[in-house]
Amino acid sequence: MKTFLIKTLANAAALAVAVWLIPDVGLTGHDNADKAVTLLLVALIFGVVNFIVKPLVQLLSLPLLVLTLGLFTLVINALMLMLTSWIADKADLSFHVDGFWTAVLGGLVISIVSWATSMALDRD
């Protein structure tokens, strides 16, 4: 349970940084509390997508991952971010990623920030 909470908080922080840095990654809300709740819900969706869908996509794209020496992971991360945006839209959450290349940049930012935040938060 502790690991799940740490990963969710790390994803929320990473998504917040991506929203702050990248103009085409949007999060709207009436006030800061509304934005924080939306960010946590989107982080939960992102965590579920990365837990369930991402391993299947990685397994199916294993030849491409080997051929590109792992660089295809950037495309997979972008697709997971776009899927999260689509699910958030269907759930009436105000999170949106506009375009594939924005998702690639967002996926890169989220990966770096999430890794760094997880390392900082997971100190036993």
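Residues numbered from 1 in each chain as written. Predicted model: local features only at pLDDT ≥ 70, side-chain atom pairs only at ≥ 80, totals over all residues. Heavy atoms only, no water.

## Re the overall build of the protein
Thinking step 1. Along the protein, the regular secondary structure elements total 5 helices and 2 strands.
Thinking step 2. The helix and strand sequence of the protein, counted from the amino end, reads α-β-α-α-α-β-α.
Thinking step 3. Against the 2.2 N^0.38 benchmark of 14 Å for 124 residues, the protein shows a C-alpha radius of gyration of 14 Å, consistent with a compact globule.
Thinking step 4. The C-alpha extent of the protein, read off along each of the three principal axes, is 45 × 40 × 25 Å.
Thinking step 5. Of all intrachain contacts in the protein linking residues separated by at least 6 positions in sequence, the fraction that spans at least 24 positions is 72%.
Thinking step 6. On the protein, roughly 7700 Å² of surface is accessible, and the fraction owed to carbon and sulfur atoms is 73%.
Thinking step 7. Taken together, the 6 basic and 8 acidic charged side chains of the protein have centroids lying 10 Å from each other. (Helix = DSSP H or I, 4+ residues; strand = E, 2+ residues; numbered from the N terminus. Rg over C-alpha atoms; globule rule 2.2 N^0.38 Å. Contact = heavy atoms within 4.5 Å. Areas by Shrake-Rupley, 256 points an atom, 1.4 Å probe, with all protein chains shown as cover. Lys, Arg positive; Asp, Glu negative; His and termini not counted. Charge placed at Lys NZ, Arg CZ, Asp CG, Glu CD.)

## Focus: the environment of Leu 121
Thinking step 1. With respect to the element layout, Leu 121 can be found in helix H5 (residues 100-121).
Thinking step 2. Sequence spacing of Leu 121 and Lys 90 is 31 residues, and the spatial spacing of their C-alpha atoms is 31 Å.
Thinking step 3. If we skip the residues at most four places from it in the chain, Leu 121 touches Ile 6, Leu 9 and Ala 10.

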